[in-house]
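Here are the chains, one letter per residue:
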Amino acid sequence: LPAMKSTAIIVLLAAAAFVLPTNGKQLHGDPDANQIYVDSDVHNQSKVPVMQDIDQQQYYEDTDGYEVNCPDADDILPCVCSFVDDVNPTTMDLDCSGVESGLNEAQLKRIFKANFPSKNFRNFYMSMNGELKVLESHVFNGISFETMTLWYDFPLEVIEMFALDSSYETATSLDFYHDTITSFPFDQLSYFSRLSYFRLYSQSLSGMQVPADAFNGLTSLEQIDIKCFSGAIFVGTFKYLPNLKRITLNANGITSIPTNFINTGSSNLKNVDLELNHIASVEPGAFDIVEGMSIRMGHNSLSTLEEATWRPHLEVGGHLGANGNPLNCGCDIAWLFDEDQLLNQVSGDTYCANGKNIYQLDPSMFDNC
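Residues numbered from 1 in each chain as written. Predicted model: local features only at pLDDT ≥ 70, side-chain atom pairs only at ≥ 80, totals over all residues. Heavy atoms only, no water.

Draft legend 1. Up close: helix α4 (residues 307–315). Listing the buried residues of α4 in full gives Thr-309, Trp-310, Arg-311, His-313 and Leu-314. Residue Gly-317 follows α4 closely and has a positive phi angle near 85°. (Buried < 20%, exposed > 50% of the residue type's maximum accessible area, 1.4 Å probe, protein only. Helix = DSSP H or I, 4+ residues; strand = E, 2+ residues; numbered from the N terminus.)

Draft legend 2. Just the packing of aromatic side chains, in detail. Per the counting criterion, the structure on display carries 21 aromatic pairs. Between Phe-112 and Phe-124, the aromatic rings sit 6.3 Å apart at their centres with planes inclined by 55°, giving tilted as the arrangement. Taken together, the residues span a long stretch of sequence, with Phe-112 in the loop between α3 (104–111) and β8 (120–127) and Phe-124 in strand β8 at a distance of 12 residues. Ring plane angle 70° and centroid distance 5.9 Å describe the contact between Phe-116 and Phe-121, whose orientation is recorded as edge-to-face. An aromatic cluster is present here, built from Phe-176, Phe-184, Phe-186, Phe-198, Phe-215, Phe-234, Phe-238 and Phe-261 joined pairwise through their rings. Taking NZ or CZ as reference, Arg-199 lies 5.1 Å from the ring centre of Tyr-201, over its face. (Phe/Tyr/Trp six-rings, centres within 6.5 Å; stacked < 30°, edge-to-face > 60°. Lys NZ or Arg CZ within 6 Å of the ring centre and 35° of its normal.)

Draft legend 3. Structural view of the state of the cysteines. By the definition in use, this model includes 4 disulfides. Each disulfide pairs two cysteine sulfurs, and for Cys-329 the partner residue is Cys-352, the sulfurs being separated by 2.0 Å. Disulfide Cys-329 to Cys-352: torsion about the S-S bond roughly -100°, handedness left-handed. Residue Cys-329 is located in the segment after β24 (319–321), and its partner Cys-352 is located in the segment after β24; the two are separated by 23 residues in the primary sequence. The exposure classification of Cys-329 matches that of Cys-352, with both residues buried. Across the disulfide from Cys-331 sits Cys-369; the S-S distance is 2.0 Å. Across the S-S bond linking Cys-331 and Cys-369, the dihedral sits near -75°, which makes this disulfide left-handed. Taken together, the residues Cys-331 in the segment after β24 and Cys-369 in the segment after β24 connect sequence positions 38 residues apart. (Disulfide = S-S within 2.5 Å.)

Draft legend 4. Molecular detail of unusual backbone geometry. Cis geometry is adopted by the peptide bond preceding Pro-78, which originates at Leu-77 and carries an omega value of 5°. When you line up the elements, Pro-78 lands in the loop between α2 (73–76) and β6 (80–84). Backbone geometry at Asn-141 places phi at a positive 50°, although glycine is not the residue there. By relative accessible area, which is 44% here, Asn-141 ends up partly exposed. Positioned with a positive phi, Ala-251 is a non-glycine residue whose angle comes to about 60°. By the element assignment, Ala-251 lies in the loop between β18 (246–248) and β19 (256–257). For Ala-251, a relative accessible area of 11% puts it in the buried group.

Draft legend 5. Just the pattern of salt bridges, in detail. All told, the structure shown has 10 salt bridges when counted by the stated rule. Salt-bridge contacts for Arg-296 lead to Asp-273; the nearest nitrogen and oxygen are separated by 3.7 Å. Taken together, the residues Arg-296 in strand β23 (residues 294–296) and Asp-273 in strand β21 (residues 271–273) connect sequence positions 23 residues apart. Judged by relative accessible area, Asp-273 falls into the buried class, the value being 4%. The partner of Asp-340 in a salt bridge is Arg-311, with the nearest N and O atoms 2.9 Å apart. Placement of Asp-340 in the segment after β24 and of Arg-311 in helix α4 is noted, with a sequence separation of 29 residues between them. Given a relative accessible area of 36%, Asp-340 falls into the partly exposed group. Given a relative accessible area of 14%, Arg-311 falls into the buried group. By sharing partners, the salt bridges in this structure join Glu-307, Arg-311, Glu-315, Asp-338 and Asp-340 into a single network. (Salt bridge = Lys/Arg side-chain N within 4 Å of Asp/Glu carboxyl O.)

Structure representation (C-alpha cells):
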C-alpha cells in the first residue's frame, strides 16, 4: 500500500509538471513535433515555444481548441499567413505585399509550391509592392481564396488567363485597383460561381473590349464596379444577374447607351452609376425598370432628356441624376412639367446649357410645345 501511494504521488507530480495556465483555453497536440506553443490573439505561423521535449509531441494553445494550419513561416517568406480569433480561428489570410522587387513572379511561384497544410484561405492581399507586373497562369497552385485584393502602387500590367483558377469555386470578392492593368481575363469570370463583388480600376485599358456578357449568369453577383478612365469599350449586355444591387461604370469614356445595355432582370438593382463618361445618347429600354432605382448620369454630354427613355424609369419612382450635362431645355423636356410633375425626381443641381437651373424654368414656356 505505501508503494502504491508513492507511485500515485509520482504520477500526479509528473502530470503537474506539464500543466500550463490556459485561462480556460484548450491545449491540443501535433504528433509530429515536440513543443508546446502559445498563440496570441492575432495569430501567425510563428508560434512562441514555452516548453520543449514533451513526449515527442507538439502542442498548441488556440482559442476554442482549433488547430493552426498556416504553412511554415520560412517556406512562404516574405508572405505572411495570419488569422484573427474574433473572426474565426481557422480562417486564414495571406499577405504577400512584401514580395521582393525584381523577384516577384519567381517568388510567388516558389511560395505557392510550399507545403500548405490547409489550401483554403479567406483573403489574399497584396499592396504597395515594388515590381510585380504579371500574375501568371496557375500561380496559386491550387490554393484558394474567398477574397482577393490587389491594390495600389505596384505596376501590375497583366492578369493572365487562369491566373485565378484555384478560386473559381470559392471567391466571393475580386478587387483589383491598379492604374497599370492592360489585360484582364474577363472570359474567365463566368467560372466564379460564388462571386458577389467585382471591382477593376485602371487607367491603362484604353481600347480594350470589356465584354458585358462575361458577367452573365453569375447569380450571386451583387455589385459590379469598373472604372477604366481612358476609354475601354463595353460590348454586349449585362443580363441574367438576378441579385445585382449596384453597377458602377463611371469614368470609362462611354459615348452611348444602347437598348438592353443593363437588362439584368434583378428587382434588387437600386443604383446605376454612369457619371463622368462622354454619353451623348441613351436609347429607350437601355435599363431595367425597377421601382425606386437611382440612375446617375452626371457629367456626360446629354443635350436632352428624351421622354421615351426616361419616363418609364421615373414613373416607377426612380431618380435621375442629370447634373453637369449641356441640356438644351426646350420642348424636348416639356414632358417633365406635365401634371404628374416627374421633374421632382430629377436632381436639383441639373442646369441647362445656358446656366439656368432646370427648376427655375417657367412651366408656361412649354405651353406651345
